[in-house]
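Structural overview
Residues per chain are reported as follows:
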Amino acid sequence: AQSVTQLDSHVSVSEGTPVLLRCNYSSSYSPSLFWYVQHPNKGLQLLLKYTSAATLVKGINGFEAEFKKSETSFHLTKPSAHMSDAAEYFCVVSDWGATNKLIFGTGTLLAVQP
Amino acid sequence: EAQVTQNPRYLITVTGKKLTVTCSQNMNHEYMSWYRQDPGLGLRQIYYSMNVEVTDKGDVPEGYKVSRKEKRNFPLILESPSPNQTSLYFCASSLLPLRGPETQYFGPGTRLLVL
């Protein structure tokens, strides 16, 4: 069975400092991984996705993630946080072969301090 | 504009009173799905549909029904809502995942409170 674990439920950074949101995955085959963002009272927006092409994936708003098979990780990073990055972030693995179901992590709430 | 719409956005109801949450997409997507989001649990799939008249259960289907009579619409029906169905509900759609996962596009969410 596939699963994702987000290692931090809350992360707080200062504006202008780097962001690191950690995600480990478990999959019996090569996974397809996503990061989604949810701003307060808003829907879910796709930040980026990995589907076995380049291991370093660039997304929107300056975010990127690196797929590391040896560490079963897919951490999300951004060099410099902006106030508008404050949101909840979900690491997601896709079970596309069977149900196309997205399996969500429990989320990481990112706070950005001025 | 390509989008997934849900109605209503907010709903307060009482136990046992049937309700329907509508979902519509204008991207001609074959695949549609419903999720519920609860604190500390992330999102969990309720039902999904691979095409018109084809629906199947997700991880938490109890207490819910769906129908897919048209490609663009995928309503979620709660025949007899209970307080444990108080949640935030999201509808999503995508192209059919034939050679790999397709990006799923989400609606804005429907916040339901069952008293």
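Residues numbered from 1 in each chain as written. Chains lettered and ligands numbered in written order. Predicted model: local features only at pLDDT ≥ 70, side-chain atom pairs only at ≥ 80, totals over all residues. Heavy atoms only, no water.

This paragraph deals with the overall build of chain A. Along the backbone of chain A there are zero helices and twelve strands. Helices and strands in chain A line up, N terminus first, as β-β-β-β-β-β-β-β-β-β-β-β. For 114 residues, the compact-globule estimate of 2.2 N^0.38 gives 13 Å, and the C-alpha radius of gyration of chain A, at 14 Å, lies within 12% of that figure. Taken along the three principal axes of its C-alpha coordinates, chain A extends 45 × 30 × 20 Å. Across the 114 residues that make up chain A, the buried fraction comes to 45%. Considering only contacts within chain A whose residues lie at least 6 apart along the sequence, 56% involve residues at least 24 apart. (Helix = DSSP H or I, 4+ residues; strand = E, 2+ residues; numbered from the N terminus. Rg over C-alpha atoms; globule rule 2.2 N^0.38 Å. Buried < 20%, exposed > 50% of the residue type's maximum accessible area, 1.4 Å probe, protein only. Contact = heavy atoms within 4.5 Å.)

When pLDDT is averaged along chain A, the result is 91, and 96% of the positions lie at 70 or above. Put simply, strand E11 (residues 101-104) of chain A is where chain A has its lowest mean pLDDT, 87, and strand E3 (residues 19-21) of chain A is where it has its highest, 98. (pLDDT = per-residue confidence, 0-100.)

What follows is about the environment of Cys23 of chain B. Residues and elements named next belong to chain B. Structurally, Cys23 can be placed in strand E3 (residues 19-25). With 52 residues separating them in the primary sequence, Cys23 and Pro75 have C-alpha atoms 5.4 Å apart. With residues up to four places along the chain from it excluded, the contact list for Cys23 reads Val4, Thr5, Met32, Trp34, Arg72, Asn73, Phe74, Pro75 and Cys91.

In this section: the sheet that holds strand E1 (residues 4-7) of chain B. In a beta sheet, neighbouring strands pair by backbone hydrogen bonds and run either parallel or antiparallel. Residue and element names in this part refer to chain B. Pairing is antiparallel in the open sheet, where four strands are placed in the order E1-E3-E8-E7. Both outer strands of the open sheet, E1 and strand E7 (65-66), are each paired with one neighbouring strand and no more. Sheet topology note: the E3/strand E8 (residues 76-78) ladder contains three bridges and is antiparallel. Paired with Thr20 across the two strands is Ile77, which belongs to E8. (Pairing = 2+ DSSP bridges.)

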